[in-house]
Amino acid sequence: MDFFMSGYSLAIIAVIIGSVGQIILKIGTTSYPGSIANDFFSSISSFLNILFIPQIFIGLACYAVSALLWIVVLSHLEVSKAYPILGLSYIFVLLLSFFFLGESLTLTKTLGSFLILFGVVLISLKVS
């Protein structure tokens, strides 16, 4: 199986798509004129208005694509090796939120990200 279609590469692609979806959802929440917390369940029309904010809709679509890819990933990898790869989403979201949302990138967040990366690599090693 070539690397691009391997379980690990598909897992990383799924995680990246899901992470991008998270950033797009955040952007969508800032474009809503009201209070999403108050309006989300207040009525069906408010709920639908929120769901059809373009960025919210696109973010949810990213999650759907990510979930479909994840099904393929699970057909290639043991769940005990695949699931920790989802931890990379913390790193991708941290970086994307720094570059696209202007959020802070602190030493604590950076060190935590390196620990997550180390853990994912450690779990994915084929050591018997």
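Remember, predicted model here, so these are calculated numbers, not experimental data.

### Some remarks on the packing of aromatic side chains
Here is step 1: On inspection of all chains with the given rule, the structure shows two aromatic pairs.
Here is step 2: Centroid distance Phe 52 to Phe 57: 5.7 Å. Interplanar angle 20°. Geometry classified as stacked.
Here is step 3: Residue Phe 52 is classed as exposed on the basis of its relative accessible area of 54%.
Here is step 4: With centroids separated by 5.0 Å and ring planes inclined at 75°, the aromatic side chains of Phe 98 and Phe 99 adopt a geometry described as edge-to-face.
Here is step 5: Classification of Phe 99 by relative accessible area gives exposed; the value is 61%.

### A look at the packing of helix H6 (residues 88-101) against helix H7 (residues 107-124)
When two helices pack together, their arrangement is given by the angle between the helix axes and by the axis-to-axis distance.
Here is step 1: Following both chains from N to C, one finds H6 and H7 inclined at 145°, their axes separated by 9 Å at the closest point. With respect to the hand of their crossing, H6 and H7 are arranged in left-handed fashion. Facing H6, whose interface residues are Leu 88, Tyr 90, Ile 91 and Leu 94, H7 presents Lys 109, Ser 113, Ile 116, Leu 117 and Val 120.
Here is step 2: Residues belonging to the contact of H6 with H7 are distributed by class as follows: seven nonpolar, one polar and one charged.

### Considerations on helix H4 (residues 54-76)
One turn of an α-helix holds 3.6 residues; hence residues three or four places apart share an orientation.
Here is step 1: In a regular helix each residue adds 1.5 Å, so 23 residues correspond to 33 Å; H4 covers 33 Å between its end C-alpha atoms and thus fits that length.
Here is step 2: Burial in H4 covers these residues: Ile 56, Gly 59, Cys 62, Ser 66, Trp 70 and Val 73.
Here is step 3: Turning to H4, the residues buried within the fold contact helix H1 (7-31), helix H3 (44-51) and helix H5 (79-82).

Parameters and conventions
- Residues numbered from 1 in each chain as written.
- Predicted model: local features only at pLDDT ≥ 70, side-chain atom pairs only at ≥ 80, totals over all residues.
- Heavy atoms only, no water.
- Phe/Tyr/Trp six-rings, centres within 6.5 Å; stacked < 30°, edge-to-face > 60°.
- Buried < 20%, exposed > 50% of the residue type's maximum accessible area, 1.4 Å probe, protein only.
- Axes fitted to C-alpha atoms, helices over the stretch in contact; angles between N-to-C directions.
- Helix = DSSP H or I, 4+ residues; strand = E, 2+ residues; numbered from the N terminus.
- Left-handed = near helix turned anticlockwise from the far one by under 90°.
- Contact = heavy atoms within 4.5 Å.
- Nonpolar A, V, L, I, M, F, W, Y, C, P; charged D, E, K, R; others polar.
- Expected span 1.5 Å × (residues − 1).

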